[in-house]
Amino acid sequence: KLTFTESPNLISSKGKVNMKLTVTINGLTFTENEEDFEFLGDGTWEINGNDLIIKDPDEEIIEDELREVTIFKLTDNELIIKITETDEDMEEGETSTIEILASFIRE
């Protein structure tokens, strides 16, 4: 559950997320389970174009580690965000990209 407030722009998240990730590379399939992780966390929020940026005031911010997601869809009752993560394997010289869509409905 995500709660957004305005003036001040605060976000709080409650609950944990479980995710099953299945990846196929060169015909080999790998499955990984991520359990009980916080999705976006708490802090302040701002919108810059189509980006939702979340900052934790108690956390030292490193530019590459900002919690920034793309707003895929935003209506009065629905928020769909797209999270893109890119990993580079320096030894193999390969790059992989994961895109996740997460949907939230207003209660």
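The paragraphs below set out a description of the structure included in this document. (Residues numbered from 1 in each chain as written. Predicted model: local features only at pLDDT ≥ 70, side-chain atom pairs only at ≥ 80, totals over all residues. Heavy atoms only, no water.)

**Points about the packing of aromatic side chains**
Part 1 of the argument: The final tally for this structure, using the stated rule, is 1 aromatic pair.
Part 2 of the argument: With a centroid separation of 5.7 Å and an interplanar angle of 85°, the aromatic rings of F4 and W45 are classed as edge-to-face. Taken together, the residues span a long stretch of sequence, with F4 in strand β1 (residues 2–5) and W45 in strand β5 (residues 43–48) at a distance of 41 residues.
Part 3 of the argument: A relative accessible area of 33% means that F4 is categorised as partly exposed.
Part 4 of the argument: You can call W45 buried: its relative accessible area is 14%. (Phe/Tyr/Trp six-rings, centres within 6.5 Å; stacked < 30°, edge-to-face > 60°. Helix = DSSP H or I, 4+ residues; strand = E, 2+ residues; numbered from the N terminus. Buried < 20%, exposed > 50% of the residue type's maximum accessible area, 1.4 Å probe, protein only.)

**Points about a nonpolar patch on the surface**
Part 1 of the argument: The grouping of V23, I25, L28 and F30 at the surface amounts to a nonpolar patch, some 360 Å² of accessible area in total.
Part 2 of the argument: Note that F30 resides in strand β4 (residues 28–37).
Part 3 of the argument: Overall, the relative accessible area of 46% leaves F30 in the partly exposed class. (Patch = residues over 30% accessible without salt bridge, like charges linked within 9 Å, V, L, I, M, F, W, Y side chains within 5 Å. Areas by Shrake-Rupley, 256 points an atom, 1.4 Å probe, with all protein chains shown as cover. Salt bridge = Lys/Arg side-chain N within 4 Å of Asp/Glu carboxyl O.)

**Things to note about the pattern of salt bridges**
Part 1 of the argument: Throughout the structure, instances matching the rule amount to 2 salt bridges.
Part 2 of the argument: As a salt-bridge pair, K73 and E78 come within 2.9 Å of each other at their nearest N and O atoms.
Part 3 of the argument: Owing to a relative accessible area of 36%, K73 belongs among the partly exposed residues under this scheme.
Part 4 of the argument: The class of E78 is buried, set by a relative accessible area of 19%.

**Some remarks on the side chain of S13**
Part 1 of the argument: Position of S13 among the secondary structure elements: in strand β2 (residues 10–13).
Part 2 of the argument: According to the relative accessible area criterion, S13 is buried, its value standing at 18%.
Part 3 of the argument: Not counting the four nearest positions on each side in its chain, S13 is found in contact with K1, L2, L40, G41 and D42. (Contact = heavy atoms within 4.5 Å.)

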